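Overview (structure and organization)
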Amino acid sequence: MKKRLLVCLLGLVLLSVQVFAQGKAITGVVTSSEDGSPLPGVTVRVKGGTMGTYTGAQGNYAIQAEQGQVLVYSFVGFLTQERTVDDKNEFNVALKPDVKALEEVVITALGIESDKRTLTYSVQSIEGENLQNSNQPNIVNALQGQIAGAQISSSGGSPGLPSEIILRGVSSLTGDNQPLIIVDGIRVSNASTNGTVNRLSDFNPDDIESVSVLKGASASALYGIDAASGAIIITTKKGKAGDMRLNASYNTFVESVGRLPEQQKLYTVGYGGTFDPSTTSSWGRKYRVDEPIYHNPQRFFQTGVTHDANLNINGGTEKYTYYLSGNYRTGTATIPNTETEKLSLLMKGSAHLSNKLSLTASANYIDNSIQEGLVGSSSGGWANSIYSYPLRYDVRNYQYPNGDPYYVFHNDNGTPDLNRDDAAIISPLWGVYKNPRNTDVKRIVLNGLLNYDVLSWLSLSYRLGQDFYNQEYGYVSVPGTPGSWDGRLYRSGGNYTNITSTLNATVNKDITSDIHTTIVLGANDEYYEGKTLSLSGETFQNPDIHSVNVIEPLNIGVGEGLFRRRRYGLYGDFKVEYKTLFSLNYTGRNDWSSTLPRDNRSFYYSSLGASFAFSELFNSQHWFGKLRASYAKVGKDAPIYSTDANLIKYQGIGGGFVKDAIAGNPNLKPETTTEKEYGLELRLFDNRVTLDATYYEAKSEDQIIRARVPLTTGYVIQTFNAGSIHNKGIEISLGGTPVKAGDFTWDMTVNAWGNRSKMLELPDQVRVFPYTFGQPYSSAIAGSKLDEPVLGIIGTDYKRNEDGYVVIGADGYPVIDSENKQQYIGNREPEVNFGLLNKFKYKNFNLSFLWDFRIGGDVYNATRLGMISAGIAEDIGEWRDKEFVFNGVVEQGDGNYVKNTKPVVLDYNYFTSNYTAVGTNFIEEVNWARMRFATLSYSLPKSLTQRLNVDRMQLELSAQNPFLITNYSGGDPEVNSAGPNAGGAEGGSTIGVDYGSIPLAKSYSIGISVGF
């Protein structure tokens, strides 16, 4: 149906395109006056009319105009020129660079366009072209390596798994640490529920014009509570005055599985060296030479193919513009039985209703469906059954030709007994093909903006927007599945609404010839509502009908939820500039939140910043230098329904309601984060070299956390304010054009950053705050410990003497420190990250590629722990039953230590009882260098495009994640087992935890784009 809709839309558009020709044909070439190089994309239009066009790859253009009319040539970064049409038919124009191009305009809070020269805080902008070159369907992944200060991690290589972005470290233990997402001035959801993909992936990257990242508290203070962790401001494309232009593109992607953990291929199933087909553990005897060994992970994953088509139309006049786009994406993935289908339609227009009144409106409809053959849970572990499946069995044998399950072992000869307590082993592909999970999202984003210029220095604006989506999620375990012999189902659905209403009054006025002031006064109203309904049931009375209608009522569970929140805000932004030399900026905001108690519902926070453009002292137009400093305080409110205890349904005999085990807290107050930021900006050699360096320090206090309380209170868990976190770091963004000669240009950008965090305070006597979700094993967990980095790993280690040597027991094996099971054993935060983006242009060729580097930081390899327990890890094949002398010391009777010399055998008991019980054995300090993407494009010359009756045509080859160099012993080290806030885990709790992770796919694409 979606395909037909898109085809019909394309047909209607093509049928409606009309070409009006009048006057005579004017042609010419537009170049740069600096070096004579051609300028593609220059707007050429008839002043006061509807006629317009753009220059091609070689700067050529053609337009119809009458003698006496005026042609207007405009291009970003260059001065606009006008030429009056006379009796000539050819007009070659050389545009001069705008010296004010140094005054880079960026989008800041509330969608305000600001001169970067006078900003008092850090803002980083990414061009939409750089996102599109990455060819990533998830916008969050497309930002990797392109933002200094952003830690971005994916939960795995399946299209339905989420990605998480954290700016400047974790600031909240149990709150959302991801930045606020704003699209064209309104808040949109980036939530992830049931471990599904984050909702920013719904939007079409091809529609994005630019992205501004507000990383600090000062930059995002005006947005209020949810911007305490920063804000990402996305601006979509809009129509341009001139003739209707049509652009279309098509790309095909082929992907294969990335780096996989290695397995041993020496030992078959069993225990203690004895063959036992009733287990999946590979601790049996050695394989015989006549026994087949299947490389199951390689046989499990497949080649995925994805097709992506884009179409957009734009045009207009000086009084109105329009932009229409459509995107259709469908494909498969490296995981069998995984299919995606997404349709996105965007309509956007603007109109000058009068000389003072203008209107902009847009509507974006999205239908995103994903079926995934995942075999884990919402807390991760997606590929554990694949990595641990014995190589004795072929993973592809999962059913008989008639569709019945193919058990490689069953204790009743394949026939389940009546007590349903039988054990069975079946290939993971049974669950992949029979029990996939399905997510279907239908979403519409509406946006309207009304601007009224009251006076030359005073304007009013009102924006009203709504982000609404319905998400349906579910899966079925068919009868015959081990652990669910009679079948079960789970379904959940929800309607989620965010409504944003904003009124602003803006003053832009020169107080004197040297002093300019900008004042923004505004009010904001935000409303959130989530209505959910979930249903679960087990035991299908008819095994061929997988419906709740064939489940006994006593086996059905139903849950309904209603979550509502309202926030009001009043704010002001006051900025004074002196000759663009000095700038002073103060912002203040007061919020009222419905999730806080009445007495604490209102809270005020502010920011103060100053900048000094010292280059202005030298009156130079060829370089720019600025120092800036700011201080800000922002707040964060409580989760919904945290102030009072809730009643829940009693499931026992008689029914009724009982109090929830989670206690409310009528004294909650907002979390607060205070931040200091200092920066240096340089632009040298006519913008050929740019530098933006920032140092920041932030302290987050009054953490809103949930922790266990004494049972005598009548509750198990309570929400309260306790704890504080400290973050500090450095961000550097270095850009430049190393070479610009003739037809060749080389642009380069380096983004580097490092963050250091510390857990300053925890409630009462608590020294360790463990994250309780997505934690597979007790020997090590993700958690925070007092006076240690926030993204810590807590677990066990071997006993050590005062000199740090491992203590060896009398039996020759290391002694586990059983008295201290909550040691700080790792930091999941990298020491340094940096991304290197290179862009080369030679005549009609363009090449761009991005390398992403990580230095330091630990990864908890829980996948390897599970594989060692199962006897299938590569280490087992290398070390099992070998004699070994541990490096350590043996305690003597007098308390002294001597070097250990006793050889022992590394047998089954050692690996399963000693080695896997020690968390430090699975903590790895990780470095990597990976190419995120490489894209090569070629624009056909004008001589060919004219013969093809198109304005432009471009061919493209691209690769995503083609290379990874790392010292990690497992699969892909970019891991986040539970994802952002997935299923209950919050904050950055599982970044750096590898638990059955599906490696990121390597993909290659070929594409074509045309313009008319």
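Residues numbered from 1 in each chain as written. Predicted model: local features only at pLDDT ≥ 70, side-chain atom pairs only at ≥ 80, totals over all residues. Heavy atoms only, no water.

The name recorded for the chain in an unreviewed UniProt entry is SusC/RagA family TonB-linked outer membrane protein, from Pontibacter locisalis. On record in UniProt, under Sequence similarities (unreviewed entry), the comment for the chain is "Belongs to the TonB-dependent receptor family." The record in UniProt for the chain states the following under Subcellular location (unreviewed entry): "Cell outer membrane". (UniProt positions renumbered as here; feature names shortened; annotations may be inferred.)

1. Some details on the overall build of the chain
Each helix and strand counted, the chain has 11 helices and 59 strands in total. A compact globule built from 1012 residues would reach a C-alpha radius of gyration of about 31 Å, and the chain, at 31 Å, matches this within 12%. On the principal axes, the C-alpha backbone points of the chain span a range of 100 × 65 × 60 Å. A fraction of 69% describes how many contacts in the chain between residues 6 or more apart in sequence connect residues 24 or more apart. (Helix = DSSP H or I, 4+ residues; strand = E, 2+ residues; numbered from the N terminus. Rg over C-alpha atoms; globule rule 2.2 N^0.38 Å. Contact = heavy atoms within 4.5 Å.)

2. What to know about the pattern of salt bridges
Scanning the entire structure with this criterion turns up 42 salt bridges. For the salt bridge of Asp 394 with Arg 299, the shortest nitrogen-to-oxygen distance reads 2.9 Å. You can see Asp 394 sitting in the loop between α6 (384–387) and β24 (407–410) and its partner Arg 299 sitting in helix α5 (residues 296–300), a full 95 residues away along the chain. Judged by its relative accessible area of 11%, Asp 394 falls in the buried class. (Salt bridge = Lys/Arg side-chain N within 4 Å of Asp/Glu carboxyl O. Buried < 20%, exposed > 50% of the residue type's maximum accessible area, 1.4 Å probe, protein only.)

3. Some remarks on the side chain of Ser 282
With respect to the secondary-structure elements, Ser 282 resides in the loop between β19 (274–275) and α5. By relative accessible area, Ser 282 is classed as buried at 1%. When neighbours within four sequence positions are excluded, Ser 282 is seen to be in contact with Gln 264, Tyr 267, Thr 268, Val 269, Gly 270, Pro 390, Ala 870, Gly 871, Ile 872 and Arg 880.

4. Here's the deal with the sheet that holds strand β40 (residues 717–721)
Backbone hydrogen bonds hold the strands of a sheet together, and the pairing may be parallel or antiparallel. Spatial strand order, β36-β40-β39: three strands in an open sheet with mixed pairing. Sheet topology places β36 (662–663) and β39 (704–708) at the edges, where each strand pairs with a single neighbour. Where β36 lies against β40, two bridges are found, and the strand directions are parallel. Of the residues in β40, the one forming a bridge with Ala 663 is Gln 718. (Pairing = 2+ DSSP bridges.)

5. A word on the sheet that holds strand β58 (residues 993–994)
Overall, mixed pairing links the three strands, which are arranged β55-β50-β58 in an open sheet. Edge positions in the open sheet fall to β55 (923–925) and β58, since each of these has one partner strand only. Of the strand pairs in this sheet, strand β50 (residues 858–861) and β55 are connected by three bridges, and their pairing is antiparallel. Paired with Tyr 860 across the two strands is Ile 923, which belongs to β55. Across the sheet, helix α8 (residues 862–869) is in contact with β50 and β58; its angle to β50 comes to roughly 30°. (Axes fitted to C-alpha atoms, helices over the stretch in contact; angles between N-to-C directions.)

6. A word on the pairing of strand β38 (residues 689–701)
In this structure, strand β37 (residues 671–684) lies alongside β38, joined through 13 bridges in antiparallel fashion. Each bridged residue has a counterpart across the sheet, and for Thr 673 the counterpart in β38 is Ser 700. What sits between β37 and β38 in their antiparallel hairpin is a turn of four residues, with Phe 685 showing a positive phi close to 55°. Here β38 pairs with strand β41 (residues 724–741) via 12 bridges, running antiparallel.

7. Digging into α8
When you tally the buried positions in α8, you get seven out of eight residues, the bulk of the element. Within the span of α8, buried status applies to Ala 862, Thr 863, Arg 864, Leu 865, Gly 866, Met 867 and Ile 868. If you follow the buried residues of α8, they end up packed against α6, β50, α9 (874–879), α10 (908–914) and β58. Phi turns positive one or two residues past the end of α8, at Gly 871, with a value near 75°.

8. Here's the deal with the nonpolar core
In terms of nonpolar packing, the biggest core is built from 80 residues, with Leu 173, Phe 300, Tyr 860, Tyr 910, Phe 911 and Ile 998 touching the most fellow members. Contributions of two or more residues to this core are made by α6, β24, β25 (424–426), α7 (428–434), β39, β44 (780–785), α8 and α10. Top element by residues in this core is α8. It accounts for four residues. Counting residues in each nonpolar core, the second largest holds 24 residues, with Ile 152, Phe 203, Val 213 and Val 445 among its members. (Core = buried A, V, L, I, M, F, W, Y, C linked by side-chain atoms within 4.5 Å.)

9. Thoughts on the packing of aromatic side chains
Two numbers describe a pair of aromatic rings. These are the distance of the centres and the angle of the planes. Taken as a whole, this structure holds 36 aromatic pairs when the rule is applied. Ring plane angle 75° and centroid distance 5.4 Å describe the contact between Tyr 915 and Phe 922, whose orientation is recorded as edge-to-face. Accessibility classification places Tyr 915 together with Phe 922 in one group, the buried group. Chaining the aromatic ring pairs together yields one cluster made of Tyr 271, Trp 283, Tyr 813, Trp 879, Phe 884, Phe 886, Tyr 908, Tyr 910, Phe 911, Tyr 915 and Phe 922. Positioned above the aromatic ring of Tyr 267 is the side chain of Arg 880, whose terminal nitrogen or guanidinium carbon lies 3.8 Å from the ring centre. Just above the ring of Trp 928 sits the side chain of Arg 930; from NZ or CZ to the centre is 4.5 Å. (Phe/Tyr/Trp six-rings, centres within 6.5 Å; stacked < 30°, edge-to-face > 60°. Lys NZ or Arg CZ within 6 Å of the ring centre and 35° of its normal.)

10. Thoughts on the pairing of strand β30 (residues 556–578)
Each regular strand displays side chains that alternate between the two surfaces of the sheet. Taken together, the 23 bridges between strand β29 (residues 515–538) and β30 define a ladder with antiparallel strand orientation. By the bridge assignment for β30, Asn 524 is matched with Gly 569. Here 12 bridges tie β30 to strand β31 (residues 582–593), and the two strands are oriented antiparallel to one another. When the sheet's bridge partners are listed, Val 576 is paired in β31 with Leu 584. Hairpin connection of β30 to β31: three residues between the antiparallel strands, including Lys 579 at a positive phi of 55°.

11. Brief notes about the UniProt feature "domain: TonB-dependent receptor plug" (unreviewed entry) in the chain
Here, UniProt's "domain: TonB-dependent receptor plug" (unreviewed entry) annotation points to residues 115–231. A helix fraction of 13% and a strand fraction of 26% characterise residues 115–231, whose end C-alpha atoms lie 19 Å from each other.

12. Digging into the environment of Arg 83
Structurally, Arg 83 can be placed in strand β6 (residues 81–84). Taking the C-alpha atoms as reference points, Arg 83 and Tyr 73, separated by 10 residues in sequence, lie 8.2 Å from one another. Contacts of Arg 83, omitting those with residues within four sequence positions, involve Gln 69, Val 70, Leu 71, Tyr 73, Phe 91, Asn 92 and Val 93. Among the polar contacts listed, one links the side chain of Arg 83 to the backbone oxygen of Asn 92, at a separation of 3.4 Å. (Polar contact = N/O pair within 3.5 Å; in protein donor to acceptor, adjacent residues only side chain to side chain.)

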